[in-house]
Amino acid sequence: TETIKAVVIDGYPARALWVQEFTNFFIPEVDKRLAETGNYKMDWQESYGGSIVKPKGVLEGVKLGLGDIGIVTTIFHSSKLPSQAIAAVTPFVAPDSRAVAKAVDEIAKEFPTMQKEFEAQNQVYLATGVVLDTYQVFSKDPVNSLKDLEGQKVAGAGMNLRYLEGIEGAAGVRGGLTDFYNMLQTGLVDNALLWPEAAKTFKIAEVAPYMLKADLGAVNSKTITVNKDYWDKLPDEVKTALQEVAVAYRDHVAGIAMDRAEASRAAYVESGGTVVEMAPDQRAAWAAAMPNIAVEWAADLDAKGEPGSDMLKAYMAKLEDAGFTPVRDWSAELTQ
Amino acid sequence: MQRPLFVGARAVSKLANWLAITANAAGTLIVLGLILVVNYDVIARGFFHAPFRGAVEVVQFSMVLIVFLQLPDVVRTGRLTRSDGFLTILRMTRPKLADALRRAIDFASAVFMTLVAFAIWPEFVEMFETKDFFGVPGVFTAPWWPIKLAIYLSAVLCTVLFVLKVISRGTPADAQAEHNKTEDPA
Amino acid sequence: MSPIEIGILSVIAIVVLVYLGVYIPIALGLVSFVSILLMRDNFDLAVNLLKIAIGDSVMEYTFATVPLFTFMGLIVSKAGLGADIYQVMNSGFRRVKGGIGMATVGANAVFAAVTGSSIASASVFSKVSVPQMLAFDYNPRFAVGVVAGSSVLGMIIPPSAMLIIYSFVAEQSVGDMFLAGVVPGILLAIAYVIAIFLMGRFTPAYVGGRRMEDGEWMSLLEIADKTLPTLALITAVLGGIYTGWLTPVEAGAAGSLLGLLIAGVRKKLSWRGLWQALLETGHITASILFLITAASIYSRMLGLAGLPNELGDILTETQMSFFWVMVIYVAMMIFLGTLLDTASIILIVVPLFLPLIEPMGLSLVWFGIVTVVGAEIGLLTPPLGISCFVIKATLNDPRISLKDVFVGAFPFALVMLVVLIALIRWPSLSLAILN
Ligand code: NA
Ligand code: NA
């Protein structure tokens, strides 16, 4: 039996859902598969929570060989990993982690773009992780229609600030997840874009007792990657085990995320929150008011010689095949 | 023999010191800019409903510039954090040994700053060629390469200043360091 | 070499180099670099560690609190706010034995809420309160001891550069750390006042001094004039953070601007003075953040060596108790405190102990307060005690030797130790305000 050392890195702490499941699911699963033949055995060193890299440093850490395997939080790297924004630029399609994880992962494997982006960072793409089911709007006062959001201040982060661009007078205020409670409490913002699990963790019901169920959609934010030099030296048996387990991990984590989302919504209501279903015509109005950031995204990739438009079409088709009807068909507006 | 070398060192020393002081002044203005930018964001957001969406990036950017524009001057004035009790005592009893130790320390520091410059240069080249940026497109973005360049130039200047300390006899900067020590951060 | 051996050897190497006089960030960086070379025999990996740590560490948004609070402290010192508070306190305590000492502690506690470092406190109060104590025949050692001891409050009561540094290493929120520092800071101030009272009672000769019979009570207007600017600043900064209106960075910026306004209105600020404060801020920021960057190289090296994992295993195997972990921790901080500055102590010991503390289920916010108070004891202990150095240098009085300052500060270092033990024993002292 040959022993192979693997340093796994993430800047998030061991208690984070995807890190915890890497320890409890990914690693034992790989060990189990390798034990079947007994040719190889992994010697895992798990370094999380900033002991080697910060959350934003995982991509570079794997690139530079400070970690062999990493959980990259892709939303931090819109410049190096532009194609990873695929789910973020297509809101109002699928509020389901499992479906989005599977669709993004298939896009990554059927088109070369995502793998090329990681290869430029000296790493090999293994699988996509989706850890949030869908963004919703959490508010101090009841919000029923798009009109209620006009002229309001809405806390958000990253790409979701752009969802507000079509709403008249709505100002996106960016903040870290840990600041949202305070921002709402002090009236610095009137609403916040969050997913239910985060709302539960940060006790948002205390300061924003109304959740507008807008179902903006699940977003991919994690990717498991392996350092390229390390990968090239791995025996095929280990490579196969890692690739297969990565897909299982993708579905496993997305499943847990959905379960937790359900429980978190219940907890939100239990602690005094009210869930308001957004009327279909209002969702349609919101989606229609937004700039088509999906087309912008595809055009950017097309301009770089990547099949951006085709990826977008394929992605929308995959979700439709999975039974989701988009409120606005982002790919229908493609000119290419 | 010694003379041209000495004149050359003097010129380099003059230039390096001038660069350190200039960079320091630039960094100082950025401190002021930082205060103004953050206050602008607070006021614009709180009273005018118009937050400055690039505030975080601008703050991050200015932190790098403040630190690496000021670092050479910190080195020049001998204010890099150290515990020099042993050196001071040694200087009273074995001045030559103390001087040798001081030079050795400055040499080791020059080596370290060279390593830093060596590590950062390829980063700068890569960022410059790929036009890599941080931030979110459509919200606020800023290029990476000026940051890497600032760190690289700062490390090179620090290396030069440490080398100058190695070859010089107790410099005026050291005397100033003694004078300034009381203002060091705890 | 095992991770534990790397860890121990690197600490020894760093301590020896620092003791020899190597710049602390350089010692941290070089030792880390060489450790990787020894451990992995891979030059590129060692260079890559430098690359990632240097780019990453300074880019932290919350680090903007360092220049902002430093600048605010420098500006309010120039505006004379420390001296004002001291005069008000003094008029209150003037009939008590050791009264000026108590007033100094009280004024320091208030001033601490508007400055981020102990240096500002030490230099302001050696100028305003030591001369007065000497004029009233206080024992010089007692006089300087009080100033040294109470200057420590500057970095326990928020805002505090040390709480910021800890929050970075332990990945805790700066706002939480600030709030957690309030009660322990006040507690330490009260402990000092009690200690001074007891000294006046049982060793009156050591305290010395005579009563101020001549002083008038200050008029309300005068009190208001001398306290309102400081109170306004405290309200804006700590109030802003506490209510969540401002992030710590924004509070620092708002405080700086307010400080500038106050100094401007009082005509205490020339263009030259402003430039010097900005320059000083830049220097302090660069040296602190460069130190943090180097410490981050070091802690990542330990992570790469697998030390945190190993320490965690040892803890589960040996079942080391909370008591012994804390005894070792405090002993190590006091030992390092003899020759290192507070920031370096925090940056060296915290990465070593976090992997032990976190699995025990202890609050990392509480641990931060314990760390900062413990590391600050070193400000008062020889041979390197920065607060004592500052006081000696600021006074520039041949009658008072550095030894006098250290001897005078010693009782206050002991009080700190007692308070530290209380903070360890009762975590709610630090945490209650958060819940
Ligand atoms: Na303070
Ligand atoms: Na000390």
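The structure presented is a predicted model; accordingly, all values stated were derived computationally and were not measured. (Residues numbered from 1 in each chain as written. Chains lettered and ligands numbered in written order. Predicted model: local features only at pLDDT ≥ 70, side-chain atom pairs only at ≥ 80, totals over all residues. Heavy atoms only, no water.)

Student: Mind showing me how you'd approach the pairing of strand 1 (residues 2-9) of chain A here?
Tutor: Here is the key point about a regular strand: its side chains alternate between the two faces of the sheet. Residues and elements named next belong to chain A. Two elements, strand 1 and strand 2 (residues 40-47), share eight bridges in a ladder whose sense is parallel. Bridging from a neighbouring strand, Val-8 pairs with Glu-46 of strand 2. One crossover worth recording links strand 1 to the parallel strand 2 by way of helix 1 (residues 17-37), and it is right-handed. Taken together, the two bridges between strand 1 and strand 3 (residues 69-73) define a ladder with parallel strand orientation. Paired with Ile-9 across the strands is Gly-70, a residue of strand 3. (Pairing = 2+ DSSP bridges. Helix = DSSP H or I, 4+ residues; strand = E, 2+ residues; numbered from the N terminus. Right-handed = clockwise from strand over helix to strand, strands pointing away.)

Student: Got a minute to help me understand the interface of chain B and chain C in this structure?
Tutor: How big an interface is tends to be stated in terms of the accessible area lost upon association of its parts. Listed as interface residues are 59 residues of chain B and, on the opposing side, 62 residues of chain C. Here chain B packs against chain C, burying approximately 5300 Å² in sum over the two surfaces, 78% of which is carbon and sulfur. The interface formed by chain B and chain C contains one salt bridge. Across the salt bridge formed by Glu-280 of chain C and Arg-79 of chain B, the nearest N and O atoms sit 3.3 Å from each other. Of all the secondary structure elements, the ones that give two or more residues to the side of chain B that touches chain C are helix 1 (2-48), helix 2 (55-76), helix 3 (85-93), helix 4 (95-130) and helix 5 (145-167) of chain B. For the side of chain B that touches chain C, the element with the highest residue contribution is helix 4 of chain B, accounting for 14 residues. Of the residues assigned to the side of chain B that touches chain C, the class counts are 38 nonpolar, 10 polar and 11 charged. (Contact = heavy atoms within 4.5 Å. Buried area = accessible area lost by both parts, 1.4 Å probe. Salt bridge = Lys/Arg side-chain N within 4 Å of Asp/Glu carboxyl O. Nonpolar A, V, L, I, M, F, W, Y, C, P; charged D, E, K, R; others polar.)

Student: Would you take a moment to explain the environment of Ala-288 of chain A for this structure?
Tutor: Relative to the helices and strands, Ala-288 of chain A resides in helix 9 (residues 280-289). With 39 residues separating them in the primary sequence, Ala-288 of chain A and Val-327 of chain A have C-alpha atoms 8.7 Å apart.

Student: Help me out: how do you make sense of the pattern of salt bridges in this one?
Tutor: Note on pairing: side chains with opposite charge can pair once their charged atoms come close. All names here are of chain A. Applying the stated rule across the entire model yields 31 salt bridges over all chains. Between Lys-116 and Glu-306 there is a salt bridge, with the nearest N and O atoms lying 2.9 Å from each other. Linking Lys-116 in helix 4 (residues 113-120) with Glu-306 in the loop between helix 10 (293-303) and helix 11 (308-321), this pair joins segments that are 190 residues apart in sequence. In this structure Glu-306 comes out as buried when scored by relative accessible area, which is 15%. Close ionic contact of Asp-215 with Lys-213 constitutes a salt bridge, the shortest N to O distance being 2.9 Å. Here Asp-215 falls in the buried class, since its relative accessible area comes to 13%. It is possible to trace a salt-bridge network through shared partners that takes in Glu-29, Lys-32, Arg-33 and Glu-244. (Buried < 20%, exposed > 50% of the residue type's maximum accessible area, 1.4 Å probe, protein only.)

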